[in-house]
Structures are given as C-alpha cells and as structure tokens.
Amino acid sequence: MARSGSRLAALAAFLVTVAACGSSSGGTVATDVGITADQILLGNTIAQSGPAAAYGTIANAENAYFTYVNSNGGVNGRKIKFTILDDAYNPAQAVPLTKQLVEQNQVFAMFSGLGTQTQTAVRDYLNTQKVPQLFVATGATTFGADYSAHTWTLGWQPPYQGEARIYAKDILANHASAKIGVLYQNDEYGRDYLKGLKDGLGTNASMIVDAESYDVTSAASSLASQLSKLKAKGADTLFIFATPGFSIPALVITTKLGWAPQIYLNQVSAPQVYMGLAAQAGAALTNVTSVAYIKDPTDPQWANDAGMQLYMKVIANCSTCKPLDGFNIYGVAVAYTMVDVLKQAGSDLTRANVIKIAATQLNETNPFLLPGVTVNTTSSDHYPIMQEQVETWSNNGWHLQGSLINERGTL
C-alpha cells in the first residue's frame, strides 16, 4: 500500500507539473506541486508550545495577511492556503511534521519555519526534495552564507552575526572601557550571536570577561546562577542572546540581583519586552540597547503611517493576535514578501522559478519595515535584509537612535 500510494503521489505531482492551463490571454501557465487552479498551498512548522511559544503568534499573523490577500482577489486569481503545525521548537518534531506537509499535504513550499535548530534539521531533506524553504524565521548566518550548498533555502531577517557586529560598533564607540558579560543560548542560535560579537570587537574581544550559556530545556529560573557568575566576574555590560522565554526572566533576575549593567538585548527578544514585562514586577529597565528594522506598533510615531494602518487592518483578521506585539508585524511583513515573490512569478508558478526570484531577484520596499530598509537579493548576495537601526528602551518604549546601519558585504 505504501508503494502504491507513493506512485500515485508521484503521478499526481508529475501531472500537476506538466499540466498547462490556458491563461486569459491564451498563453500557457506553468505550475507545480501544491498549485491548483484556485489555490497555492504553503506549509509551516513553528513553536506554538514549548520554550519558544512566544513566537507562535508569528504564523497566525502571517495567515492574517494571507487572509487579507485572499479577500482582495488572491495571487493572480489563486487563494493561499497556509497549514501551520506546532513543532514546539524541537527538531525531533519538526522533521516528521515537515515531511507530513511535503508528502501528505503536498505543499508548494515551506514558508517561515521558525528556529535555527529546527530549520537546519529539515534543510537537507527539503533541498533533496527540491521544495523551497523560504524566508525561515531565524537570523542564523548559515541561511545566507551557505546558500550555494542549499539552493532551495533562504532566510529573510538580518543575520545574527551582522546584528552582533552592530552592537560591537556601538560598544567601541560609546562604551570603550566596558567589561562585557554574555548570556547565550547553548546552540547554533546563541553561538552565532557570540561569534558576531567577537568578530565585531576584533582585537578588543578581550573586553568579554565571561560568557555563560543556558540550555533551552532548562527552567528560566535557573538563569540566576549564570547571571550571578557574570556579575561576580565584574561585568558592567550584559549581552543577552536568548529567546523571549529566557530574556524576560533574565532581565527580572538581573534587577533582583541588585545589578544594573548596561544591557544589550538581541532583536528577536526585544519586541517581547513591552508585552512580557508589563505583567512582571521587579524589572527595572534602564540602559537597554537593541536594534530594529521593522516598525514598532507600540511607537506612536507610526500611528498615521500608511504601512502601520495597513498592518492594523490586516491583524484584525487574527482573533488571537495582539496588535501591539512586535512579532505580529514581523509575521505580516515577511508574508508581504512571500506574496510579492508569488506575484512576480506570474504565469511561471513553479518551485524553481519562485526560489530563483526569492534568492536572486528581490528588490522590494516593504511597507512594514523602517523607512530606508529594503529587501534585496542578487546572484551573489542571498541576505534579503541587512540594515538595522540602534534603539534604546526608556519611558516604557523603544526609541530609535541615529540612522540605519548597513551590514551588507561584511559577512
């Protein structure tokens, strides 16, 4: 039965691939697996439970944007059907769920799968199957740097190493005598940030007096041990390279330790500070620096901005999405790019053409990104976004500082 089912699936895929449908102009429309006369099937695995569950809302926000697009005619007449499965931030769950989406659901592409470990775990499989693994929700540098070995995979957000290099520039310019302590997640995600910081500091890397790691399976309350060690080493500057479920407790614990270092908080946790700390007492947020590349829905300067107004209209399609959660505008922004690519594909809606456009031909001004931030790829540069701006936390909000910093060409 399994062999018979496999043959039927292969036959169906072949028929879809070679089928030519007459367009309204009498031309030929090339399609592929996961494309029907009226649908485009996309799949996603993301943490909607487990230690990184705060990120789960991203997929719901993406679906809200697809719902908005579908209600306005879809993509060249086709509606997007988006299937979201919960992998709990666990590679052991992401692998079978991804195979389910590809082999049973017959999706056209995987879109915005979240997590460095989970997405590297399925990358070889998706590339072997020649299924686009588009705009993974992780800034791990490998998703741009290793494109030549994985040509069906592409990132979207700025790479972690580039972000950390921006922090290094800020340190050298404004805190040249800093004694740096680092708290980082003990996997590729955390080590990517740490490498970027060391590379950015260059000959000044000895400013790092200690780096303490934590395991994603540990209780967030256990961070008191690592943070106490960093304080004891004399660090007066703390870098937190963690997911929100650990970043928020780390900020609370730091305050309870009576420690008031200069803090650098990685961008993927920064949006949750507003949402997470509001419910937690005892965290004194002062001297906190991060970066941004997406408009902040909590920042009143964007209230009358056309992109923010569109975001608010879109996010109303999601009953579980909190409009002020920065992860939701991230989801809408990356979904905008996905739709942009599908529209550009036009009558050649094949996997090969879509990944070619995404990886080498992006030239997008995205209404949800900060003014001046563009989404670009070329045949020699596969990092879609490489611009970020320093921001600091004060008066219960993030405030942009200076101008955009472009890290393109540095990695």
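Here the structure is a predicted model, which is why all the values come from computation and not from measurement.

Rules of the game
- Residues numbered from 1 in each chain as written.
- Predicted model: local features only at pLDDT ≥ 70, side-chain atom pairs only at ≥ 80, totals over all residues.
- Heavy atoms only, no water.
- Salt bridge = Lys/Arg side-chain N within 4 Å of Asp/Glu carboxyl O.
- Helix = DSSP H or I, 4+ residues; strand = E, 2+ residues; numbered from the N terminus.
- 1 Å grid on protein atoms, 1.4 Å probe; cavity = no way out; pocket = protein on both sides within 12 Å on 5 of 7 lines; lining within 4 Å.
- Points joined across faces, edges and corners; volume = space filled by probe spheres on them.
- Nonpolar A, V, L, I, M, F, W, Y, C, P; charged D, E, K, R; others polar.
- Buried < 20%, exposed > 50% of the residue type's maximum accessible area, 1.4 Å probe, protein only.
- Lys, Arg positive; Asp, Glu negative; His and termini not counted.
- Contact = heavy atoms within 4.5 Å.
- Pairing = 2+ DSSP bridges.
- Expected span 1.5 Å × (residues − 1).
- Disulfide = S-S within 2.5 Å.
- Arc of directions from axis to C-beta.

Remarks on the pattern of salt bridges
- In the structure shown here, the tally under the stated rule is six salt bridges.
- Two residues, lysine 169 and glutamate 407, come together in a salt bridge whose shortest N-O distance is 2.8 Å. Placement of the pair is lysine 169 in helix H6 (residues 160-174) and glutamate 407 in the segment after strand E16 (405-406), with a sequence separation of 238 residues.
- For lysine 233, the salt bridge is made with aspartate 210, and the minimal N-O distance between the two is 3.7 Å. Highlighted residues: lysine 233 in the loop between helix H8 (223-232) and strand E9 (237-241) and aspartate 210 in strand E8 (residues 208-214), separated in sequence by 23 residues.
- The network of salt bridges with common partners includes Arg165, Lys169 and Glu407.

Quick look at the layout of surface pockets
- What the second largest pocket holds in volume is close to 170 Å³.
- Lining the second largest pocket are 12 residues; nearest its centre among them are Ala54, Thr57, Thr320, Lys322 and Asp325.
- Secondary-structure elements contributing two or more residues to the lining of the second largest pocket are helix H2 (57-71) and helix H10 (270-277).
- Looking at side-chain class alone, the lining of the second largest pocket contains four nonpolar, six polar and two charged residues.

A short note on the side chain of glutamate 388
- For glutamate 388, the position within the fold is in strand E14 (residues 387-394).
- Comment: no salt bridge for buried glutamate 388; closest opposite-charge side chain is lysine 169, at 10 Å.
- Ignoring sequence-local partners within four residues, the contact set of glutamate 388 consists of Pro158, Glu163, Ile166, Gln267, Val291, Ala292, Tyr293, Ser403, Leu404 and Ile405.

Looking at the sheet that holds strand E5 (residues 109-111)
- The parallel open sheet is built from four strands, whose spatial order is E4-E3-E5-E6. In this open sheet, the two strands that pair with only one neighbour each are strand E4 (79-86) and strand E6 (133-134).
- Pairing between E5 and E6: two bridges, direction parallel. By the bridge assignment, methionine 110 is partnered in E6 with glutamine 133.

Re helix H9 (residues 244-256)
- With 13 residues, H9 should reach 18 Å at 1.5 Å per residue; the first-to-last C-alpha distance of 18 Å fits that figure.
- Within H9, 10 of the 13 residues are buried, which leaves it mostly tucked inside the rest of the structure.
- Of the positions making up H9, those classed as buried are Pro244, Phe246, Ser247, Ile248, Pro249, Ala250, Leu251, Val252, Ile253 and Thr254.
- Glycine 258 occupies a position one or two residues after H9 and carries a positive phi of about 70°.

Thoughts on empty space enclosed by the protein
- In total, this model carries four cavities of 30 Å³ or more according to the counting rule given.
- Of the voids in this model, the largest cavity is the one considered here, and its volume is about 390 Å³.
- The wall of the largest cavity is formed by 32 residues, among which Gln267, Val268, Pro271, Gly326 and Phe327 lie closest to the centre.
- Within the residue set of the lining of the largest cavity, elements represented by two or more residues are H10, strand E11 (288-292) and helix H12 (326-345).
- Ranked by residue count, the leading element in the lining of the largest cavity is H12, at four residues.
- Residues of the lining of the largest cavity, tallied by class, amount to 21 nonpolar, eight polar and three charged.

Looking at unusual backbone geometry
- Despite not being glycine, lysine 130 shows a phi value in the positive range, around 60°.
- Relative to the helices and strands, lysine 130 is located in the loop between helix H4 (116-129) and E6.
- Here lysine 130 falls in the exposed class, since its relative accessible area comes to 52%.

Here's the deal with the state of the cysteines
- Tallied over the entire structure, the rule returns one disulfide.
- Note on cysteine connectivity: cysteine 318 is disulfide-linked to cysteine 321, with sulfurs 2.1 Å apart. Judged by the sign of its S-S torsion, about 70°, the cystine formed by cysteine 318 and cysteine 321 is right-handed. For the pair cysteine 318 and cysteine 321, one class covers both residues: buried.

Points about H8
- Of all the positions in H8, only Leu223, Gln226, Leu227 and Leu230 are classed as buried. For H8, the buried positions fall inside an angular range of 95° around the axis, keeping them on one side.
- Once H8 ends, the next one or two residues include glycine 234, with phi positive near 90°.

What to know about the environment of tyrosine 189
- Along the chain, tyrosine 189 turns up in helix H7 (residues 188-201).
- Classification of tyrosine 189 by relative accessible area gives buried; the value is 3%.
- The spacing of tyrosine 189 and histidine 175 is 14 residues in sequence and 25 Å in space, taken between C-alpha atoms.
- For tyrosine 189, the residues in contact, after removing those within four places along its chain, are Tyr55, Thr116, Tyr160, Phe241, Ala242, Thr243, Asn266 and Val268.

The quantities given are spatial measurements derived from coordinates; they are silent on function.
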